Every structure is written in C-alpha cells, then in structure tokens.
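Structure at a glance
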Amino acid sequence: MNVQFLNPFIEAAFAVLDAEVGVTAKRGQLSLQRSAATASEVTVLISLVGQVKGVVLYGLSEATALQIVSKILGQPFAEFDNLAQSGIGEMGNVITGQAGQRLAEAGFESNISPPTMIVGKGTLISTLDFERLQVPLETELGTLQIHLALRESKNNMVPHVASIGVA
Amino acid sequence: MRVEFFNPFIVAAGEVLNSELGARAKRGRLTLDKADYISQDITVLISLVGDVWGVVIISLQFDTAKTIVSHLLGEAVTDFNELAQSGIGELGNVISGRAATKLAEAGYDTDISVPTMMVGQGSRISTFDIDRLIVPLETEFGVISLALALREAQNNSTQRPFEVKQPPTIN
C-alpha cells in the first residue's frame, strides 16, 4: 500500500473527531495485515473508486460507538438503534469525504461510495488481494480502528474485470 | 425503486453464471427488504459510485461457494481458502462489471468498487436509507442471492441519512 494514502485519512479522522465529537485522538501502532480482518462490533465500510481504489473500514466497539454518537447528536444513546447507526455511518462518510478531498489535493481524484454498516462481531472481512494498513486511533471514548486497503489505480474505468478465478 | 437499475444485474448474473459455470440460473421471488440484512456464510460487497449509487451484496452458502469455485478452477476445493475467496470475489466483480456496462449503455455511467468479502454468518448489514431488492438466483449449485441497494445519484449533498457538516463526496 502506498503510504502517502495514509496521512489524509489520519488527518481527516483527527479533524472530524475533534470537530464533531470533541475528542483528541492519538495514533497507535500501525500494522500491515495480509490476512482478513475480524469485524469489530460495529464496522463502517466505504469504498473508493478513482485514482485511488479500494476500501476503508472503520471499526469500533458498540460502547464506543454509542458514546461517540451521543456526542455527535447531543443526546444520550443507550441502544445502537437506526439513528445511532446513521450517526456512525455518517462519521465514516465525513472522514472519508475529507480524506478524499486531501487525496484530490495531492493529485489523486477519487469518489467515495455510500457507507455500508456491519454490526456483529467475529465475521471475517477480507479485502482479497489488497493489503490492509491498520491504524488504531485512541480517544477517551475508546479506540477507532481504521483499516486502509487502497492502491493507486492505473485505469479509472471499471476496475479489473479480468478473467475469473485467476488468483 | 428504479427497475432499470436492477435488471442489468439480474441479466448480468444470469449471463456470467451461464458463461463461466455453464449454470442456468432461475430467478426466485423478488422481495423488498428494509430491515438489516443478515449475512450468510459468504458475502461479497461491491459498491457503485456514479450515476447509480449504492451497494450490491451477493451471498451464498459455503457449499454453494465451494462447488462454484471447484468448477471455476477445474479442481475440487474442499476448503474455503484464499484462492476460493478470490474466485468468488472475482465472480462478484465480473457480474457487477458486466452490469455496469449495461447501465452505461442505458445512459448511467457508474464505476464499481473492488470487492470486499465477508466470511461468517449472522452479522447484520445495513445499507441505511437505501432499500434493498432481494433477488434469489437458483442454480444447480445452490442459491446465489443478490441484494441490490441502488438509487440514482441526486445532488450528492442531499442523499445522506443524517447530515453533519461536510459534503459527503468530492468530485
């Protein structure tokens, strides 16, 4: 994975956590993973299409998600209901959108997909042949785990509609 | 609900299953699903970005996936290993890519994302405010289920379920 794709996401996440949630995040230890990620209790998945392609996952515990959404929406949430899910999905959307702007400024135009949310621990999430850079952001509300599986696209058109089954 | 967005996927899936696997897919009963989607053994997620916007979820059971990959690779696959995952991901990719070509021919330019794969049943998948059309495709290998959560892109800043402050996409 190209490391220059990392900082836009970290900077965007810091900015959004600060502006929307009012917490200061600290970056934990980076790691590069080749195997599948084990889903957190709550995972937001957003794809990138364009000069940078791939997928970004935001993983957090339900307790952390509830605390974050309580801060974003300014009311306490005890249950991870639809509104709470929307709030967390939107946080992923805003972080990714801002990171996309930063990538565009660096010369990599990309569009982001709508967020998809996965709730339920233990499922394996595989980015197939994309390596995944895992970045924990630690906050007073808990850890937001960012997984970046991104690469530069040589071709902006429909990505790799290649022959089937060739690994 | 825009029927013209869904048919390309149903047709593309039928064509790909036929050309790659020699399978004849029979469309089961369509249902519209607003609640969370519960994952089956294997789930492939592919997002669409462009004039059509959303996500395509392809689900199947382990046994179905293993039979399909065995056919694709021409050797018996007993374990759903990385090679098998890659085969199923690629199948999703080819179906979506072909559907995107059909959408483009109909005047909707849309890019597809790379596939992401989930392994393990019982997780809930939410597509937020985008309803899903569930299309079961019955084949001799088992059922392949398509969940299509698609809509036409509007002004990108108005299609969020909940707004914070920043526009969601950058152009």
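Quick note: structure is the one above.
In this convention, every chain numbers its residues from 1, walking through the sequence in written order. For this description, chains carry letters from A and ligands carry numbers from 1, given in the order in which they are written. Local features in this predicted model are restricted to residues of pLDDT 70 or higher, and side-chain atom pairs are both shown and tallied only at a pLDDT of 80 or more, whereas totals for entire chains, interfaces and linings draw on every residue.

Points about the interface of chain A and chain B
Think of interface size as the accessible area that goes away when the parts come together; that is how it is often given. Note on contacts: residues are paired as contacts if their backbone-placed C-beta atoms lie within 7 Å. Taken together, the contact pairs 47 residues of chain A with 48 residues of chain B. A run of DSSP states H or I qualifies as a helix once it reaches four residues; a run of E qualifies as a strand once it reaches two. Both are numbered from the N-terminal end. Elements with a minimum of two residues in the side of chain A that touches chain B: β4 (42–50), β5 (52–60), α3 (82–105), β6 (110–112), β7 (116–119) and β8 (124–126) of chain A. Element by element, the count of residues in the side of chain A that touches chain B is highest for α3(A), at twelve residues. Residues are grouped as follows: Ala, Val, Leu, Ile, Met, Phe, Trp, Tyr, Cys and Pro are nonpolar; Asp, Glu, Lys and Arg are charged; every other residue, Gly included, is polar. Broken down by class, the residue content of the side of chain A that touches chain B amounts to 22 nonpolar, 21 polar and four charged.

Digging into helix α2 (residues 62–73) of chain B
All names here are of chain B. A helix's residues, less one, multiplied by 1.5 Å, set its expected span. With twelve residues, α2 extends 16 Å between its outermost C-alpha atoms, agreeing within 8% with the 16 Å of an ideal straight helix rising 1.5 Å per residue. Exposed residues have 12 or fewer other C-beta atoms within 10 Å of their own C-beta, buried residues have 20 or more, and partly exposed residues fall in between, where C-beta atoms are placed from the backbone. What α2 keeps buried is the set T64, A65, K66, T67, I68, V69 and L72. Structurally, α2 contributes buried residues whose contacts are with α1 (3–21), β4 (42–50), β5 (52–60), α3 (82–105) and β10 (142–152). One or two steps after α2, the chain reaches G74, where phi turns positive at roughly 70°.

Brief notes about the nonpolar core
In this description, a nonpolar core means buried residues of the types Ala, Val, Leu, Ile, Met, Phe, Trp, Tyr and Cys, linked to one another by C-beta atoms lying within 7 Å. Formed by 99 residues in total, the largest nonpolar core has its most connected members in A:A13, A:V56, B:A13, B:V56, B:I88, B:L146 and B:L148. With eight residues, α3(B) is the single largest residue contributor to this core. Other than its neighbours up to four places away in sequence, B:A13 contacts B:A25, B:I95, B:L137 and B:L146.

Points about the environment of A:G28
Residue and element names in this part refer to chain A. In this structure, G28 sits in the loop between β1 (26–27) and β2 (31–33). G28 gets classed as partly exposed once you count the C-beta atoms within 10 Å, which come to 13. Sequence-distant contacts of G28, that is, excluding residues within four places in its chain, are made with P136 and E138.

Notes on the pairing of strand β9 (residues 132–139) of chain B
Residue and element names in this part refer to chain B. Of the pairings in the sheet, the one linking strand β1 (residues 26–27) to β9 comprises two bridges and is antiparallel in character. Paired with R27 across the two strands is L137, which belongs to β9. By definition, two strands form a pair when at least two bridges between them are found by DSSP. With three bridges connecting them, strand β2 (residues 31–33) and β9 associate as antiparallel partners. In the sheet register, T31 faces β9, and the bridge partner there is I134. Of the strand pairs in this sheet, β9 and β10 are connected by seven bridges, and their pairing is antiparallel. Counterpart to L133 in the pairing with β10 is L148. Linking β9 back to β10 in an antiparallel pair, the connection comprises two residues.

Thoughts on the packing of helix α1 (residues 6–21) of chain A against α3(A)
The angle between the axes and the distance between the axes are what describe a pair of packed helices. Residues and elements named next belong to chain A. Here an angle of 0 to 180 degrees is reported between the N-to-C directions of two axes, which are lines fitted to C-alpha atoms, with helices fitted over the stretch in contact. Relative orientation of the contacting elements α1 and α3 amounts to 135°, with a least axis distance of 8 Å. With respect to each other, α1 and α3 are oriented oblique. Seen from above, α1 lies across α3 with right-handed handedness. Between α1 and α3, the contacting residues are P8, F9, E11, A12, A13, A15, V16 and E20 on the first element and M91, V94, I95, Q98, A99, R102 and L103 on the second. Small angles under 35 degrees read as roughly parallel and large ones over 145 as roughly antiparallel, with 65 to 115 read as roughly perpendicular and the rest as oblique. Left-handed is the label given to a crossing in which the near helix is rotated counterclockwise from the far helix by less than a right angle, and right-handed is the label when the rotation is clockwise.

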